[in-house]
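Single-letter residue listing:
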Amino acid sequence: MSPQPVGPDGVDMNVDVVVVGFGAAGAAAAITAHDGGASVVLLDKNPEHQHTPSTRMSGGMVMTATDGAAAARYLDACASGMVPFDVSQAWAERATHLPWWFQEVIGGLDMVPSAGAEHPDFEGAEAIVAVQPGGVGERLAAAAGAGPRLFEGLSAAVLRRRIPILWGTAGDRLTQDNHGRITGLTASSNGRSVSVGARHAVVLACGGYEFDEELKRDHLRTYPVHFYGNPNNTGDGVRMAQQAGASLWHMNQMIGRAIGHFDLDGRPVNFIIGIDPPGYVICDRAGHRFANEHHQAQLRHDFYYELLAYDPATNSQPRVPCYWFFDESRRQAGPLTYTHFGAVAVGLYDWSEDNSAEINRGWIASGDSIAEAGEAAGMSPTAAIRAAATVAD
Ligand SMILES: Cc1cc2nc3c(=O)[nH]c(=O)nc-3n(C[C@H](O)[C@H](O)[C@H](O)COP(=O)(O)OP(=O)(O)OC[C@H]3O[C@@H](n4cnc5c(N)ncnc54)[C@H](O)[C@@H]3O)c2cc1C
């Protein structure tokens, strides 16, 4: 849908609720507002033919709960005091309704249990059930295509409701009246400024700031740090909310993993390193092993925290960057990243089966010895020799 011509008040269109960002959060907000009787418009910065929200890139696993009280205790244990208990309670309570929501509100998606709690020993863990579209059996195998399918299902539910979507339209500023009340927003579309009035609310569902260097440097505990979601998630919602007077919380609390960060014809493109099957060692800048790499192989959500170490003696972050060593048999075993989710699954890059294209691009360094490969990847000669000893151990 195209915005209507500018009216006498300078506003291109007026609706009850404007939703900025068409991923899972935006789809859920738009559907809920629509079903509650509101007129809604969705905006997304991506053009329709290049729509790669993180939701589409994901493994499609949705965490639900069978018992709200137990699930709240589990979340509270996971948060270790950093989230007020009533927030965990509210999340847990709503998570018990998710299976119903998928069936009755979204429809057309067969959400199947595929995993339990990530921390099965925590109190209340038995109440956590992760579901995936059409996923059966083993956790990672089940993820094949699940993110794209999840987004397809949410998207179909939005389209069925005829909720208009303004593609290639980036929200950039909230508008406010004299009392500070939010009245809509301005956005840019094809170099033109668009103004959208919101009678009731603007929902900022435009992802995180994983591709904004300034926000990452300001808020994270180490730098540089890279993530593997939608390249268009550049913290616009964070900035819009701040400009309107919002305060922020938990900006440096997140999950993440060891990833490969590369330049693709002048654009950053990031991949989760797929270190399963085994035969791997990850070393820090000095060539030392520092964590159980199996946790990365299992795609646990806490590996990121292993990467944050700070060394006061050298005032440095010795694990940024870190180096993944593998041998020729691993190279030949298949792509060094996952192809059924992440950048490859949504067509941002086509990773070669034997990794030769990525070696040719210079993304993967090689050598006849571990030390040679380490140096080729950017390690100092001393660190590369130490890495060789580490791998030999
Ligand atoms: C590879 C991968 C695997 C994952 N696996 C899982 C999993 O299995 N289970 C799980 O729970 N989580 C998983 N996650 C995390 C999960 O995908 C995200 O937390 C979730 O999808 C975020 O949804 P969202 O709607 O907030 O953001 P997104 O889905 O990224 O949508 C945000 C949208 O906002 C748009 N946007 C950005 N700026 C603007 C702007 N200024 N104006 C208009 N639009 C804008 C973007 O283009 C984008 O379409 C995974 C993430 C990745 C990358």
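Residues numbered from 1 in each chain as written. Predicted model: local features only at pLDDT ≥ 70, side-chain atom pairs only at ≥ 80, totals over all residues.

J.: Teacher, can you tell me more about the overall build of the chain here?
T.: Tallying secondary structure elements over the chain gives 15 helices and 13 strands in all. Taking 393 residues into account, the globule formula puts the C-alpha radius of gyration at 21 Å, and the chain, at 23 Å, falls close to it. Dimensions of the chain along its principal axes, counting C-alpha atoms only, are 70 × 50 × 40 Å. Looking at the chain residue by residue over its 393 residues, the buried ones come to 39%. Looking at the chain alone, contacts between residues at least 24 apart form 62% of all its contacts between residues at least 6 apart. (Helix = DSSP H or I, 4+ residues; strand = E, 2+ residues; numbered from the N terminus. Rg over C-alpha atoms; globule rule 2.2 N^0.38 Å. Buried ≥ 20, exposed ≤ 12 C-beta atoms within 10 Å, placed from the backbone. Contact = placed C-beta atoms within 7 Å.)

J.: Would you explain the pairing of strand E7 (residues 169-176) in this entry?
T.: Relative to strand E8 (residues 182-189), E7 runs antiparallel, the two being bridged by 7 bridges. When the bridges of E8 are listed, Ala 170 appears paired with Ser 188. Between E7 and the antiparallel strand that follows it, E8, lie 5 residues; Gly 180 among them carries a positive phi value of about 90°. (Pairing = 2+ DSSP bridges.)

J.: Help me understand the sheet that holds strand E3 (residues 62-65), please; the structure alone is not making it clear to me.
T.: In any sheet, the strands associate via hydrogen bonds between backbone groups, in a parallel or an antiparallel arrangement. Taken together, 3 strands build an open sheet; the order of strands is E3-E5-E4 and the sheet is antiparallel. Of all the strands in the sheet, the pair left with one neighbour each is E3 and strand E4 (111-115). Across this sheet, the average inter-strand angle for adjacent strands is 50°, counted without regard to direction. For E4 and strand E5 (residues 128-133), the ladder comprises 4 bridges, and the chain directions are antiparallel. (Axes fitted to C-alpha atoms, helices over the stretch in contact; angles between N-to-C directions.)

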